[in-house]
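Architecture and fold: a report
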Amino acid sequence: MTDTDRAFDRAFAACPLVAILRGLTPAEAPAIGDALVAAGLTLIEVPLNSPDPFDSIALLARRLGDRAMIGAGTVLAPDDVTRVRDAGGTLIVSPNTDAAVIRATRAAGLISLPGYFTPSEGFAALAAGASALKLFPADGTTPAFLKAQRAVLPRDARMLAVGGVAPDNMATWRAAGADGFGLGSNLYRPGATAQQVADAAARYVAAL
């Protein structure tokens, strides 16, 4: 286990919520990042289809890297893994199961959180070295779907539900086997103020 793996274990144990900041700009990044960390979040991703994502990742990593793990979402190619690492990011989150991206992530010493939907994709992601699995889109299915998968996927595999997660449905997902959650537009959407994000984050943390 690497130091980065241990850091992820600590961050996940402290708060198993991944903030998905799709559409974040570098100008917004410091205030939004500060608000999230103050609320207790320790895992933050900037999707690569945001404006100037590598600049935002670099800003957040320099500012918050001693208090949270920063990385990228919507990572679709191994070359992007290198760019995230060079920007100071340590999390690589994808919407899909791509073994090449997962292997490149682990070879770079980073944390791999690939999206999956079927048991076959889940097993393939774990075999390639995934650090945890992201059920996506969770709002395209039900907690019962995850519970059924939990019966066959490895017991020690960490599972995050991503998509449509709100404070009032987290308990149902937890009971079905979700260890954590990815939080998107219900937490942050372009144009949101730092105070709005702080308030939303506080609701999620309280719901845990």
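Structure: see above.
First things first, this report covers the structure right here in the doc. Treat the numbers as computed from the prediction; the structure is a model and nothing was measured.

Quick notes on the overall build of the protein
A tally of helices and strands in the protein yields nine helices and nine strands. Seen through its C-alpha atoms, the protein measures out along the principal axes to roughly 45 × 40 × 25 Å. Counting over 208 residues, the protein shows a buried share of 50%. Element-wise, carbon and sulfur atoms account for 54% of the exposed surface of the protein, whose accessible area totals about 8700 Å². Computed over 18 positive and 19 negative side-chain charges, the inter-centroid distance for the protein is 5 Å.

Digging into the packing of helix 2 (residues 29-39) against helix 9 (residues 194-207)
Interhelical geometry of helix 2 versus helix 9 gives an angle of 25 degrees and a closest axis separation of 9 Å. The angle between the axes of helix 2 and helix 9 places the two elements in the roughly parallel class. Handedness of the crossing formed by helix 2 with helix 9: right-handed. Contacts between helix 2 and helix 9 pair A31, I32, A35, L36 and A39 from the former with A194, V197, A198, A201, A202 and V205 from the latter. The class makeup of the residues in the contact of helix 2 with helix 9 is eleven nonpolar, no polar and no charged.

Remarks on the layout of surface pockets
Size it by volume and the largest pocket reaches roughly 330 Å³. I20, R22, F136, G184 and S185 are the residues nearest the centre of the largest pocket, which is lined by 23 residues in total. Considered class by class, the residues forming the lining of the largest pocket number ten nonpolar, eight polar and five charged.

Points about the environment of R174
Tracing the chain through its elements places R174 in helix 8 (residues 170-176). According to the relative accessible area criterion, R174 is partly exposed, its value standing at 36%. Expressed as a C-alpha distance, the spacing of R174 and L135, which sit 39 residues apart in the sequence, is 13 Å.

Side note on the sheet that holds strand 2 (residues 43-47)
Taken in spatial order, the nine strands make up an open sheet running 5-4-3-2-1-9-8-7-6, and their pairing is parallel. Pairing within the sheet leaves two strands with one partner each, and these edge strands are strand 5 (111-113) and strand 6 (115-116). The pairing of strand 1 (residues 17-20) with strand 9 (residues 180-183) spans three bridges and is classified as parallel. Considered in strand 9, the bridge of A19 is made with L183.

Notes on the nonpolar core
Residues L36, I44, F181 and L187 are the most contacted members of the largest nonpolar core, which totals 55 residues. Ranked by the residues each element gives to this core, the list is headed by helix 3 (residues 53-64), at six residues. Among all residues touching L36, those that are not within four sequence positions of it are A19, L21, L41, I44, L187, V197 and A201. Residues A11, F12, L91 and L113 belong to the second largest nonpolar core, which totals 14 residues.

A word on the pattern of salt bridges
In total, this model carries seven salt bridges according to the counting rule given. As a salt-bridge pair, D5 and R106 come within 3.0 Å of each other at their nearest N and O atoms. Of this pair, D5 sits in helix 1 (residues 3-14) while R106 sits in helix 5 (residues 99-107), and the two are 101 residues apart along the sequence. R106 sits in the partly exposed class, given a relative accessible area of 29%. Close ionic contact of R63 with D34 constitutes a salt bridge, the shortest N to O distance being 2.7 Å. Of this pair, R63 sits in helix 3 while D34 sits in helix 2, placing them 29 residues apart in sequence.

Examining the pairing of strand 3 (residues 69-73)
In terms of burial, strand 3 is a largely internal element, five of the five residues being buried. Pairing between strand 2 and strand 3: five bridges, direction parallel. In the sheet register, E45 faces strand 3, and the bridge partner there is G71. Note that the unit made of strand 2, helix 3 and strand 3 has a crossover that is right-handed. Alignment of strand 3 against strand 4 (residues 91-93), held across two bridges, turns out to be parallel. Among the inter-strand pairings, A72 is bridged to a residue of strand 4, identified as I92.

Thresholds applied
- Residues numbered from 1 in each chain as written.
- Predicted model: local features only at pLDDT ≥ 70, side-chain atom pairs only at ≥ 80, totals over all residues.
- Heavy atoms only, no water.
- Helix = DSSP H or I, 4+ residues; strand = E, 2+ residues; numbered from the N terminus.
- Buried < 20%, exposed > 50% of the residue type's maximum accessible area, 1.4 Å probe, protein only.
- Areas by Shrake-Rupley, 256 points an atom, 1.4 Å probe, with all protein chains shown as cover.
- Lys, Arg positive; Asp, Glu negative; His and termini not counted.
- Charge placed at Lys NZ, Arg CZ, Asp CG, Glu CD.
- Axes fitted to C-alpha atoms, helices over the stretch in contact; angles between N-to-C directions.
- Parallel < 35°, antiparallel > 145°, perpendicular 65-115°, else oblique.
- Left-handed = near helix turned anticlockwise from the far one by under 90°.
- Contact = heavy atoms within 4.5 Å.
- Nonpolar A, V, L, I, M, F, W, Y, C, P; charged D, E, K, R; others polar.
- 1 Å grid on protein atoms, 1.4 Å probe; cavity = no way out; pocket = protein on both sides within 12 Å on 5 of 7 lines; lining within 4 Å.
- Points joined across faces, edges and corners; volume = space filled by probe spheres on them.
- Pairing = 2+ DSSP bridges.
- Core = buried A, V, L, I, M, F, W, Y, C linked by side-chain atoms within 4.5 Å.
- Salt bridge = Lys/Arg side-chain N within 4 Å of Asp/Glu carboxyl O.
- Right-handed = clockwise from strand over helix to strand, strands pointing away.

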